[in-house]
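Secondary and tertiary structure notes
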Amino acid sequence: TSLTLSGASTVSGAVGSTHALTSVTAGQGKTVTFSSTVAADKVYVGSGTVNFNGTVTGNVDIATNGGIIKLAAGKNITGNIDNTTTDEAQGTLTILGTSTIGGNIGASKSLAAISAGVANTTTTFSGNVNAATISLASGATSFGGSLFGTVNVKGGSVTLGTSASGDANSSI
């Protein structure tokens, strides 16, 4: 089962709460807000903004240049976040509070930007992270895998490579 949201939308209930959907497509040039949880094998983000105010169980693909993902405080994405456009450095991920990203970021192609580390919060990246620019504010941020990109740290604490394979392949 699939769900496609073509225009600006707010989805107030849980998506895929009984059975995870095969795919969700949202944010094609518009803003879509999911007020609750989303469970899908893949969530495709278009050229607009997709706000996740609940945990996402599954993988998220930025499928169109310019896609923006905003993850609310206290919410997580259990799977991978990938840029599946034809170009490197596409898509933006903004993490608005304490959150965990369970999978890899930018495995196919790098994201353009990641913002995380809001004051008094902890952001955990469990897998590899690949983005052109990673901006970290004054909160705590932990990278469990390899890190690729330019990292701008404005305070707080940063833990690199907490897994056995963690490497810092970045300018910090």
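Preceding block: the structure.
First, a word on what this report is: a plain description of the structure on this page. The model shown is predicted, which means the values in this text are computed figures rather than measured ones.

This part takes up unusual backbone geometry. Even without a glycine there, the phi angle at A89 is positive, about 55 degrees. Looking at the secondary structure, you find A89 in the loop between β9 (81-83) and β10 (92-95). A relative accessible area of 29% places A89 in the partly exposed class. Non-glycine residue N120 carries a positive phi angle of around 60 degrees. As for its placement among the helices and strands, N120 is situated in the loop between β12 (111-116) and β13 (122-125). Overall, N120 belongs to the exposed group, its relative accessible area being 80%.

This part takes up the environment of I114. Along the polypeptide, I114 turns up in strand β12. Counting along the chain gives 105 residues from I114 to S9, while the straight-line C-alpha distance between them is 24 Å. In this structure I114 touches L93, I105, F125, V129, A131, T133, I134 and S135, once residues within four positions along its chain are discounted.

What follows is about the packing of aromatic side chains. Across all of its chains, the model carries 2 aromatic pairs by this definition. Where F34 meets F52, the ring centres are 5.6 Å apart and the plane angle is 10 degrees; that geometry is what we call stacked. Here F34 is found in strand β4 (residues 31-34), whereas its partner F52 is found in strand β6 (residues 49-52), with 18 residues between them in sequence. The residues F34 and F52 share a single accessibility class, namely buried.

Another aspect to go through is the nonpolar core. By size, the foremost hydrophobic cluster in this structure holds 36 residues, and its most contacted members are F34, F52, I81, I105, I114, F125 and I134. Ignoring any residue separated from it by four or fewer positions in sequence, one finds F34 in contact with L5, V11, V15, V24, A26, V50, N51, F52, N53 and G54.

A few words now on the sheet that holds strand β5 (residues 38-45). Ordered in space as β1-β3-β5-β7-β9, the 5 strands form an open sheet in which the pairing is parallel. Two strands in the sheet have a free side with no partner beyond their single neighbour: β1 (2-4) and β9. Within this sheet the neighbouring strands show an average axis-to-axis angle of 15 degrees, counted without direction.

Moving on to the sheet that holds β13. Where strands meet in a sheet, backbone hydrogen bonds hold them as pairs that are either parallel or antiparallel. Read across the open sheet, the 4 strands follow the order β11-β13-β15-β17; overall the sheet is parallel. Each having just a single partner strand, β11 (99-101) and β17 (157-159) make up the two edges of the open sheet. Going across the sheet, the axis of each strand differs from the next one's by a mean of 10 degrees, ignoring polarity. With 3 bridges connecting them, strand β15 (residues 140-143) and β17 associate as parallel partners. Bridge pairing in β17 links T141 to V158.

What counts and what doesn't
- Residues numbered from 1 in each chain as written.
- Predicted model: local features only at pLDDT ≥ 70, side-chain atom pairs only at ≥ 80, totals over all residues.
- Heavy atoms only, no water.
- Helix = DSSP H or I, 4+ residues; strand = E, 2+ residues; numbered from the N terminus.
- Buried < 20%, exposed > 50% of the residue type's maximum accessible area, 1.4 Å probe, protein only.
- Contact = heavy atoms within 4.5 Å.
- Phe/Tyr/Trp six-rings, centres within 6.5 Å; stacked < 30°, edge-to-face > 60°.
- Core = buried A, V, L, I, M, F, W, Y, C linked by side-chain atoms within 4.5 Å.
- Pairing = 2+ DSSP bridges.
- Axes fitted to C-alpha atoms, helices over the stretch in contact; angles between N-to-C directions.

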